[in-house]
Each structure stands twice: as C-alpha cells, then as structure tokens.
Amino acid sequence: MDMMFSDADLVFRDEVKTFFAENLPPAVANIVRRTPSYVAKDDVVAWQKTLYKKGWIAPGWPVEYGGTGWTPMQKFIYGEEYQSAYAPRLSSFGITMVGPVIYTFGTDTQKARYLEKILSGDEYWCQGYSEPGSGSDLASLQTRAVLDGDEYVVNGQKIWTSQAHRADMIFCLVRTNPDVKKQEGISFLLIDMKTPGLSVKPIITMDGGHYLNEVFFDDVRVPVENRIAEENKGWTYAKFLLGHERTGIAGVSKSKQVVAKVKQIAGTERSEGGKLLDDADYRNRLSRIEVDLMALEITNLRMMAAMGAGKTPGPESSTLKIRGTQIEQELNELLVEALGYYALPYDASQVRPDVNEAPVGPDYSVGVMSERLLRRAASIYGGSNEIQKNIIAKAILGL
Ligand SMILES: Cc1cc2nc3c(=O)[nH]c(=O)nc-3n(C[C@H](O)[C@H](O)[C@H](O)COP(=O)(O)OP(=O)(O)OC[C@H]3O[C@@H](n4cnc5c(N)ncnc54)[C@H](O)[C@@H]3O)c2cc1C
C-alpha cells in the first residue's frame, strides 16, 4: 500500500474538512469534545441524517448497498477528519455490525426491510450476544428460541447490552438446538424491541452514566423470517460480525486527539509552579505511548489496505483491539494525572448532556474522569484482551 497522500487525497481531505465545518453544529461538536460517550440520541441521529444525505454514511459498505467506494486511504482520511471535527460517533451496531451481516447473508426481503433504515438512522440497533455466564465463552449462551408454527418463542436474558434503552431493534444469538455441540445449535435473530415480553433494565456504570442494560425475553414471539440465513448456523454469522466489530476498535484518530489534549493540559503552568510536561518520567511515558500509537497506525493502515483488496477482516483485527485499547487506557490515565484535583469532582453534566451546571474546574477537565472510568471497560468489551490473545495464539501463531 502506498502510504503517501496523493494530490487527489489532499483534495479529498479538504472536501471533508469543509463539509464538516459547514454542516456540523458547533454546539454538538462541543458536547462531543467534552462527553463523547454521552451525546443525546437526537443529536446523533440528526448528524447521521446529514451524512446520509451526503452519501457518506457507510464507507465500509459495498457501493451497491450504499457504500462510498472510497479507497482505503480516503477512508482513513475521513476517519481522521471525523475525529478532529468532534463529530458524534454513530452507533456501530447497525452500520458496522448487523448491516454487513444482512447484506452478506440476508434475504432480499431482509435487505429491503433493514438496510436503508440502518443507513438513515431511522432504526437504531443493539447487540444481544452476552449473557450472565456467557461472555468470553459466548457459545455457551442459553437464551432459548423454540419454533412454534412460523414464529420462534424466545426466553432468556442478555446482559451488558449497550444502548438497548435507545434501540428499536436487537440482533440476538439464541439457542435453537440444545442437543448438539454448542456452536452448532445457535441461530441469529433480528428482534423488534417493542415486541411484547421484551423488557430492558438499566445498569449504571461506575462513571454514573446509563450506557448498559439487561434485556429480558419472556415468551417473546419472533417471526421466522427474522432469522438470518440457516437455522443453527448463527455462530458463523456471529463470528463474521465480530471481525467487523474489532476493526473499528483501534481508535487511532481518537488517541491522537487525546495525545494533543494531554500535551495541552500537562503543558499548562500548575498552581504550585512548573509544568507536568517538564517532568522527565511523565514525558517519557507519554513519548512511549506516542511511539506505540504510530506503530498501531501503520498496522491499522496495512489492515485497511488488505480489506481494500477484498480480504475479510480476520484474526489480525485482534491485534488492533488489544493495542488500541491499551493505548487508549494509558492515555486516559495520563490525562487524569495531568488534571490532578480537577479530575475528582463528580459532575453530572459529564454523563447527562441535558444538565447545564458550570464545571468545577477548567473547561478542559469536563468529561475526563467519566471517560476514563467508562473506557476502563474497553479492554473487556468486544471480547476481552485475554481472549484476543488466545485468538492470536491459535489462529495466527498456530500455537
Ligand atoms: C462497557 C461494556 C459494553 C458492552 N456491550 C455489549 C453489547 O452491547 N452487547 C453484548 O452482547 N455484550 C456487550 N458487552 C459484554 C462483553 O462482550 C463481555 O463483558 C466480554 O465478552 C467478557 O465477558 P464476561 O463479562 O462474561 O467476562 P468473563 O468471560 O467471565 O471473563 C472474566 C475474566 O476472565 C478472563 N477470561 C475468560 N476466559 C478466559 C480464557 N479462556 N483465557 C484467558 N482469560 C479468560 C477474561 O479476559 C476476563 O478478564 C459489553 C461489556 C462492557 C463492559
């Protein structure tokens, strides 16, 4: 892959930059800058519709289904500009996860029913994989779906379901055959969140925010046409989806932005005098992370080039997930250290954008602690980093 930006790439970068400057409301960008994980759904959907109209909504999708047809380098540039404009993160459950499953394995009816609404933001999705006792060992899941005429009757529970309280649809792994090897008795269902018998209970995380939920199924009836492809083959589609989930997880552009913020805060004069950035140990830690981030960026670009050449993201995406989340967490730690006491006050506006209280510390302190606490989970969600190492050991190193 050519790592240099061509003239056409530079023109493209300008076009993206200008579009963001002209279309992203500054008030929304400001919320994203302060509290990226807690942007109101209305703001996210409004932004999604802006991108949808422009045709920039799903760079990873094939053009025939609404993708942009961009080169890997254009996708990379778009991602960088997206982050540096502080544009709201779109929900990944539709565009990055279930969308590719539907256009790859779904029927024509399913494609017509779901894809457009995923792109336009008219339907929000969540992911019903994990259960109490079935996280890393996902294939042991127990939520049962029994065929009754032309409907499945679903009973069981999902947990850690991000954004279920905002979702219209949930894609679920369910057990349709308990009598075979565990991976062979799973099916993949698309379930309307408004179906009678389905209920959502919040889980409040240690940053004080509502991001996660439990989802309960009590005789939930799901039409058989909501099953993706073959019954009992859901594990195949689930693994395909996980590969897509992990590619976006490196978070290089975001980490670069945090590096800049660390430098800004640690480079500010402290009340006791001196700058933290002048502390040799602190500077050394920051420099090492910056070097790691550069290495991650190149690895990410190599994988994007492979995908651009038609390859499906494979177990290599596990390396991005591990290093990306380690770097993210180390940087958040450095940020909190740089803020000192200002990281401590509990500030409701960090997890609730509707609260309008003045922050206790300087503006740049808002959201730092909440982001650090929520993102402690980054090495767990999307498959824990230990599990990623197992995948690398088996599938890449052949151990
Ligand atoms: C913030 C957040 C958001 C999430 N969002 C979603 C979502 O939207 N939808 C969804 O379905 N799930 C979601 N999850 C669930 C997530 O995928 C699981 O938490 C994760 O897969 C780990 O499973 P577990 O919690 O059951 O932990 P366990 O599997 O019980 O693991 C506990 C610990 O043991 C380690 N471990 C387990 N097995 C092994 C092994 N074989 N080798 C080495 N170490 C091992 C793990 O690494 C971990 O450190 C989310 C989780 C979090 C924290």
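For clarity, every value in this text was computed on a predicted model and none was experimentally measured.

Domain boundaries in the chain define domain 1 (7-90), domain 2 (125-233) and domain 3 (251-396). Between the C-alpha centres of domain 1 and domain 2 the distance comes to 31 Å. Between domain 1 and domain 2, the contact holds 5 residues from the first and 7 residues from the second. Considering only the surface of domain 1 that becomes buried against domain 2, Ser37, Tyr38 and Lys41 emerge as the three largest contributors, covering 88% of it. There are 0 salt bridges connecting domain 1 and domain 2. Inspection of the domain 1/domain 2 interface yields 3 residue pairs in polar contact (both at pLDDT 80 or more). Among the residues making up the side of domain 1 that touches domain 2, the classes are represented as 3 nonpolar, 1 polar and 1 charged.

Glancing now at the site of the ligand. Neighbouring the ligand are 17 residues, the closest being Ser130, Ser136, Trp160, Ser384 and Glu386. In this structure, glutamate 386 approaches the ligand through a side-chain N or O atom, which is 2.6 Å from an oxygen atom. Considered on its own, the ligand offers 970 Å² of accessible surface; in the complex 66% of this is hidden by protein. Take the shell around the ligand: its biggest share by element is 3 residues, from helix α12 (residues 385-396). Taken together, the residues of the shell around the ligand sort by class into 8 nonpolar, 8 polar and 1 charged. Split by domain, the residues of the shell around the ligand number at least three in each of domain 2 (125-233) and domain 3 (251-396).

This part is about the pattern of salt bridges. Summed over the entire model, instances satisfying the criterion amount to 25 salt bridges. Here glutamate 214 ties to lysine 201 by a salt bridge, and the two come within 3.9 Å at their closest N and O atoms. Residue glutamate 214 is found in strand β7 (residues 210-223), and its partner lysine 201 is found in strand β6 (residues 198-204); the two are separated by 13 residues along the sequence. A relative accessible area of 16% means that glutamate 214 is categorised as buried. Note that glutamate 328 and lysine 254 form a salt bridge whose closest N and O atoms lie 3.4 Å from each other. Taken as a pair, glutamate 328 in helix α10 (residues 317-339) and lysine 254 in helix α8 (residues 252-266) lie far apart in primary sequence, 74 residues in all.

Let us now look at the packing of helix α5 (residues 92-105) against helix α6 (residues 108-120). Where α5 meets α6, the closest approach of the two axes is 10 Å, and the angle between their N-to-C directions is 160°. With respect to α6, the axis of α5 lies roughly antiparallel. Note on packing geometry: the crossing formed by α5 with α6 is left-handed. Residue-level inspection shows Gly94, Ile95, Val98, Gly99, Ile102 and Tyr103 of α5 in contact with α6, the latter providing Gln110, Lys111, Tyr114, Leu115 and Ile118. Looking at the contact of α5 with α6, its residues break down into 7 nonpolar, 3 polar and 1 charged.

What follows concerns the pairing of β6. Regular strands have side chains that alternate between both faces of the sheet. Examined bridge by bridge, β6 and β7 share 7 bridges and lie antiparallel to one another. Residue pairing in the sheet places valine 200 in a bridge with valine 215 of β7. The antiparallel hairpin formed by β6 and β7 contains 5 residues in its connecting segment, where glycine 208 sits at a positive phi of about 90°.

Should the sulfur atoms of two cysteines be covalently bonded, the bond is a disulfide. Throughout the structure, instances matching the rule amount to 0 disulfides. Counting only cysteine sulfurs, cysteine 172 is the nearest neighbor of cysteine 126, a cysteine outside any disulfide, at a range of 7.5 Å. Overall, the relative accessible area of 0% leaves cysteine 126 in the buried class. Given a relative accessible area of 0%, cysteine 172 falls into the buried group.

Before going further, it helps to examine helix α1 (residues 7-23). If you check α1, its first and last C-alpha atoms are 24 Å apart, about what 17 residues at 1.5 Å a residue would give, namely 24 Å. Of all the residues in α1, the buried ones are Asp9, Phe12, Arg13, Val16, Phe19 and Phe20. The arc enclosing the buried residues of α1, seen along the axis, measures out at 130°, which places them on a common side. In α1, those exposed residues whose orientation departs by more than 90 degrees from the buried face are Asp7, Val11, Ala21 and Glu22. Where α1 is buried, its residues touch α3 (41-54) and α4 (72-84).

Tracing the backbone through its elements, the reader meets serine 37 in the loop between α2 (26-34) and α3. For serine 37, a relative accessible area of 8% translates into the label buried. Within the local environment of serine 37, its side chain forms a polar contact with the side chain of arginine 375, the two groups lying 2.7 Å apart. Not counting chain neighbours up to four residues away, the residues in contact with serine 37 comprise Arg89, Tyr211, Glu371, Leu374 and Arg375.

One non-glycine residue, glutamine 163, lies in the positive phi region at around 60°. Along the chain, glutamine 163 falls in the loop between β3 (151-159) and β4 (169-175). Taking relative accessible area as the criterion, glutamine 163 reaches 12% and is therefore assigned buried. Of note, the phi angle at aspartate 219 is positive, near 50°, even though the residue is not glycine. As for its placement among the helices and strands, aspartate 219 is situated in strand β7.

Right, let's get into the nonpolar core. Among the nonpolar cores identified, the biggest contains 57 residues, and Leu51, Phe171, Phe188 and Leu190 are the most heavily contacted of them. Ranked by the residues each element gives to this core, the list is headed by α5, at 7 residues. Split by domain, the residues of this core number at least three in each of domain 1 (7-90) and domain 2 (125-233). If you look at the next biggest cluster of nonpolar residues, it comprises 25 residues, including Val259, Tyr282, Leu286 and Leu335.

Reading guide: rules and limits
- Residues numbered from 1 in each chain as written.
- Predicted model: local features only at pLDDT ≥ 70, side-chain atom pairs only at ≥ 80, totals over all residues.
- Heavy atoms only, no water.
- Domains from an automatic or database assignment.
- Contact = heavy atoms within 4.5 Å.
- Buried area = accessible area lost by both parts, 1.4 Å probe.
- Salt bridge = Lys/Arg side-chain N within 4 Å of Asp/Glu carboxyl O.
- Polar contact = N/O pair within 3.5 Å; in protein donor to acceptor, adjacent residues only side chain to side chain.
- Nonpolar A, V, L, I, M, F, W, Y, C, P; charged D, E, K, R; others polar.
- Near = heavy atom within 4 Å.
- Areas by Shrake-Rupley, 256 points an atom, 1.4 Å probe, with all protein chains shown as cover.
- Helix = DSSP H or I, 4+ residues; strand = E, 2+ residues; numbered from the N terminus.
- Buried < 20%, exposed > 50% of the residue type's maximum accessible area, 1.4 Å probe, protein only.
- Axes fitted to C-alpha atoms, helices over the stretch in contact; angles between N-to-C directions.
- Parallel < 35°, antiparallel > 145°, perpendicular 65-115°, else oblique.
- Left-handed = near helix turned anticlockwise from the far one by under 90°.
- Pairing = 2+ DSSP bridges.
- Disulfide = S-S within 2.5 Å.
- Expected span 1.5 Å × (residues − 1).
- Arc of directions from axis to C-beta.
- Core = buried A, V, L, I, M, F, W, Y, C linked by side-chain atoms within 4.5 Å.

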